[in-house]
Amino acid sequence: MLLTTSVHFLFLIFLGMLSLVLLLITGILVYSFFRYKESVRISGWMKVINQKISEVIVYEDEEVALDQNFALLSRSPSFRNLFLQKLVDSEKKFSGAAKIKIKNLFKEYNLRQEAAKKLDQKKTYLIAGGIQELTVMNAMEDLPKISSFLSHPSAQVYQEAQYAMVSFKGFEGLDFLSTASGIISEWQQLRLLLSITSIPENSGEAIEGWLRSSNSSVIIFTLKLVRKFQLLSFYPMVADLLEHSSVEVRIQAVHTLLSLEDPSTIQFLTKVYPDQPYEVQLEILRVMKVSKDQSCIGLLKKELSENINTGIKLYAAEALAALGYKEYLSKLSEDETSSEELIQIIKHAVQEKVC
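Cut-offs applied
Residues numbered from 1 in each chain as written. Predicted model: local features only at pLDDT ≥ 70, side-chain atom pairs only at ≥ 80, totals over all residues. Heavy atoms only, no water. Buried < 20%, exposed > 50% of the residue type's maximum accessible area, 1.4 Å probe, protein only. Core = buried A, V, L, I, M, F, W, Y, C linked by side-chain atoms within 4.5 Å. Helix = DSSP H or I, 4+ residues; strand = E, 2+ residues; numbered from the N terminus. Contact = heavy atoms within 4.5 Å. Patch = residues over 30% accessible without salt bridge, like charges linked within 9 Å, V, L, I, M, F, W, Y side chains within 5 Å. Areas by Shrake-Rupley, 256 points an atom, 1.4 Å probe, with all protein chains shown as cover. Salt bridge = Lys/Arg side-chain N within 4 Å of Asp/Glu carboxyl O. Polar contact = N/O pair within 3.5 Å; in protein donor to acceptor, adjacent residues only side chain to side chain. Axes fitted to C-alpha atoms, helices over the stretch in contact; angles between N-to-C directions. Parallel < 35°, antiparallel > 145°, perpendicular 65-115°, else oblique. Nonpolar A, V, L, I, M, F, W, Y, C, P; charged D, E, K, R; others polar.

## Points about unusual backbone geometry
Comment: phi is negative for the bulk of residues other than glycine, and the bulk of peptide bonds are trans.
Part 1 of the reasoning: One non-glycine residue, N110, lies in positive phi territory at about 50 degrees.
Part 2 of the reasoning: Given a relative accessible area of 38%, N110 falls into the partly exposed group.

## Describing the nonpolar core
Part 1 of the reasoning: Judged by nonpolar contacts, the single largest core of 63 residues is most densely connected at L174, L269, L300 and L304.
Part 2 of the reasoning: Broken down by element, the residue count for this core peaks at seven residues, all from helix α11 (residues 216-228).
Part 3 of the reasoning: With near-sequence residues (within four places) excluded, L174 lies in contact with V166, I196, W210, F221 and L225.
Part 4 of the reasoning: Ranked by size, the runner-up nonpolar core spans 37 residues in total, among them F79, I131, A139 and F149.

## Some points on a nonpolar patch on the surface
Part 1 of the reasoning: Residues L12, L15, L18 and L22 make up a contiguous nonpolar surface patch of about 330 Å² in total accessible area.
Part 2 of the reasoning: Along the chain, L22 turns up in helix α1 (residues 2-58).
Part 3 of the reasoning: The exposure class assigned to L22 is partly exposed, which follows from its relative accessible area of 48%.

## What about the pattern of salt bridges?
A side chain with one charge can pair with a side chain of the opposite charge if their charged atoms come near.
Part 1 of the reasoning: Tallied over the entire structure, the rule returns 13 salt bridges.
Part 2 of the reasoning: The shortest N-O distance in the salt bridge between K145 and D120 comes to 3.2 Å. One end of the pair, K145, is in helix α7 (residues 143-147); the other, D120, is in the loop between α5 (112-117) and α6 (124-136), and 25 residues separate them in sequence.
Part 3 of the reasoning: Using a relative accessible area of 37% as the deciding quantity, one classes K145 as partly exposed.

## Regarding the side chain of T265
Part 1 of the reasoning: For T265, the location among the structural elements is in helix α14 (residues 265-272).
Part 2 of the reasoning: Here the side chain of T265 touches Y235 through a polar contact of 2.8 Å, side chain to side chain.
Part 3 of the reasoning: Discounting chain neighbours no more than four positions away, the residues touching T265 are Y235, L257 and L258.

## Structural notes on the packing of helix α15 (residues 278-291) against helix α17 (residues 310-322)
Part 1 of the reasoning: Between α15 and α17, whose axes approach to 8 Å, the crossing angle comes to 10 degrees. Taken together, the axis directions place α15 and α17 in an arrangement best described as roughly parallel. Residues Y278, Q281, L282, L285, R286 and K289 of α15 touch α17, and the partners they reach there are G311, I312, Y315, A316, E318, A319 and A322.
Part 2 of the reasoning: Along the lines of polarity and charge, the residues of the contact of α15 with α17 split into eight nonpolar, two polar and three charged.

What follows is the structure, encoded as structure tokens:
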């Protein structure tokens, strides 16, 4: 009797587990089926959208027939979001008349409404996506709302807002630099720089303020702006930044001083060189290498012979070689008193093969 009860109990457990497995398999099959249907639907939508965009770009407005099926599909929120995404992607690939026609489609189907809705969402990627879509499609009317995201805690969001301001307003859109507390990444700096095509004459006060910012990334971006537009009047302020607490700011200041092509730059860098951190010293030596200025030869020879750091010695040797002192280096490498390390460094600098 006890054995029969145990077998019955085990049988019930087996049936329960089998039922659970069957339910799980059924659930997976149902989920996969709906995913497949969704994939097929999106694939069909993409064909319709691509055809619509192609027709609008290739043909004149009067040649594009009214598509009742497209008009019906465009009532679906999911279709509209996919259409918006495809328009934004297409706008980036085309130029001229095609770009204008794509933006006209955006207006014709009132897709600004879909993009603007994303600004009221809580998920950062949706907000950032909405800002990007409105920016690409030049939805100027949404600029006040976009500007409210300049102080958003998410870098993804505030960087899209920054880019939007500059895209819409040019140099004036950089006003956010005066209060920016978040880090402006290198990629973001590049985007902003590419969007600035000119600087107004009355911009001096703003640029001075940015060069004094407590945000190092703001200073670094401003230095790149000074380089791009050759703002020679800021040379003294740039030179003062070689006393900044940030090593990266100092390095960017060195780059900027060289680009401004002042005849006293190398002499100035030679003077401040001893008081600089190691990374900045390396950058100064790199600058001397490309400067063609002979006033730094004394410093380079001293660093090569007296500095104990291999990196410094190597950069000094390369700079001397670039400035026409290969013969000096060769004689130094043949000197019996020269160390093996120094000889190897010199051979590397003059690009001799070391056996």
